[in-house]
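Residues per chain are reported as follows:
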Amino acid sequence: MGTAIGLECAGGAVLAADRVVTRGGSVLSRPTDKLFTFDTVGTAGVGDRNGLARFEREFDAEVRSYRTERGDLTGDAVIRMTSRVAAEAGVDVLVVARDGGQACLHTAGADGSTLEEEYDAIGTGAQLALGQMESLDRDIDLSTAASTAEEVLATVSQRDPATGAEADVWQLAHATAY
């Protein structure tokens, strides 16, 4: 399953996810994407490979359809889409999108539930990651937050056999007022 983490900071929000896939307790040799970006929306998920692929495909279609029919995505629309598609695909997902110009982190469960969080972790290494993120200073810039997210996942990978050391990181800055 692996681990994905997200955190908000003074400059925006960051997502990070490892690339390891396990099946039946064994690590598969081929890494997979768990972090997906859709312009100003980023998602990081955990679950089986097929569920993650389904989530990416269906979420991409939903985002494209929304933009064609209604224009720019709203924060509420992103959360509703993420919740519905994550439940249909049977995966847990962290999502970062702008809401009122601010980059915000939400968690969508495979059961359709959603939570707004300043930081969160999902997957097999979630408890280890949350323990590290609890004491983090949120008054940091995006670059520092991205480095911190990588460090957290690296530490988790040393203690959780289902989390790999190779990770993808994505960041979204708060919108700048002109």
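Preceding block: the structure.
Keep in mind it's a predicted model, so treat the numbers as computed, not measured.

Chemist: Explanation requested: the sheet that holds strand S2 (residues 12–18) in the structure shown.
Modeler: Hydrogen bonding along the main chain pairs the strands of a sheet, whether they run parallel or antiparallel. Taken in spatial order, the four strands line up as S10-S1-S2-S11 in an open sheet, and their pairing is antiparallel. Because the sheet does not close on itself, it has two edges, and the strands there are strand S10 (119–123) and strand S11 (167–173). Strand-to-strand, the axes of this sheet are offset by a mean angle of 10°, without reference to chain direction. With seven bridges joining them, S2 and S11 adopt antiparallel strand pairing. If you follow Leu 15 over to S11, its bridge partner there is Trp 170.

Chemist: Could you clarify how one ought to interpret the packing of helix H3 (residues 126–133) against helix H4 (residues 142–159) in this entry?
Modeler: Geometry of a packed helix pair, given as the angle between the helix axes and the separation of the axes. Between H3 and H4, the least distance of the axes is 9 Å, while the angle of their chain directions is 140°. One element, H3, and the other, H4, form an angle in the oblique class. Relative to H4, H3 is oriented so that their crossing is right-handed. For the pair H3 and H4, the contacting residues are Leu 128, Ala 129, Gln 132 and Met 133 in the first and Val 152, Thr 155, Val 156 and Arg 159 in the second.

Chemist: Would you take a moment to explain the nonpolar core for this structure?
Modeler: Generally speaking, soluble globular proteins have nonpolar side chains that are buried together. Val 41, Phe 55, Phe 59, Leu 73, Val 78, Met 81 and Val 91 are the most contacted members of the largest nonpolar core, which has 21 residues in total. When residues of this core are traced back to their parent elements, those giving at least two are strand S5 (35–38), helix H1 (49–70), helix H2 (75–89) and strand S7 (92–99). Looking at this core, the element that brings in the most residues is H2, giving seven residues. Those residues in contact with Val 78 that sit more than four places away from it in its chain are Val 41, Phe 59, Leu 73, Val 95 and Ala 97. Ala 126, Leu 130, Met 133 and Leu 142 belong to the second largest nonpolar core, which has 18 residues in total.

Chemist: I tried to follow the pattern of salt bridges on my own but got confused; where do I start?
Modeler: Where charged atoms from two side chains of opposite charge come close, those side chains can pair. Scanning the model with the defined rule gives eight salt bridges in all. With its nearest N and O atoms 2.5 Å apart, the salt bridge here joins Asp 33 to Arg 19. Of this pair, Asp 33 sits in the loop between strand S4 (26–27) and S5 while Arg 19 sits in the loop between S2 and strand S3 (22–23); the two residues are 14 residues apart in sequence, bridging distant segments of the chain. Residue classification places Asp 33 among the partly exposed positions, given a relative accessible area of 40%. Look at Arg 19 and you get buried, because its relative accessible area is 15%. Notably, a salt bridge pairs Arg 84 with Glu 62, separated by 2.5 Å at the nearest N-O pair.

Chemist: Where do I start with the side chain of Arg 19 in this structure?
Modeler: At 2.9 Å, the side chain of Arg 19 forms a polar contact with the side chain of Asp 168. In this structure, Arg 19 is in contact with Pro 31, Thr 32, Asp 33, Lys 34, Glu 166 and Asp 168, ignoring residues within four places of it in sequence.

Chemist: I keep staring at the pairing of strand S8 (residues 102–108) and nothing clicks. Help me out?
Modeler: Counted residue by residue, S8 has six buried out of seven residues, so it is predominantly covered. Two strands pair when backbone bridges link them, and S7 and S8 are joined in this way by seven bridges, in the antiparallel orientation. Pairing of Val 96 across the sheet is with Leu 105, part of S8. Relative to strand S9 (residues 114–117), S8 runs antiparallel, the two being bridged by four bridges. Within S9, the residue paired with Ala 108 across the bridge is Thr 114.

The rules behind these values
- Residues numbered from 1 in each chain as written.
- Predicted model: local features only at pLDDT ≥ 70, side-chain atom pairs only at ≥ 80, totals over all residues.
- Heavy atoms only, no water.
- Pairing = 2+ DSSP bridges.
- Helix = DSSP H or I, 4+ residues; strand = E, 2+ residues; numbered from the N terminus.
- Axes fitted to C-alpha atoms, helices over the stretch in contact; angles between N-to-C directions.
- Parallel < 35°, antiparallel > 145°, perpendicular 65-115°, else oblique.
- Left-handed = near helix turned anticlockwise from the far one by under 90°.
- Contact = heavy atoms within 4.5 Å.
- Core = buried A, V, L, I, M, F, W, Y, C linked by side-chain atoms within 4.5 Å.
- Buried < 20%, exposed > 50% of the residue type's maximum accessible area, 1.4 Å probe, protein only.
- Salt bridge = Lys/Arg side-chain N within 4 Å of Asp/Glu carboxyl O.
- Polar contact = N/O pair within 3.5 Å; in protein donor to acceptor, adjacent residues only side chain to side chain.

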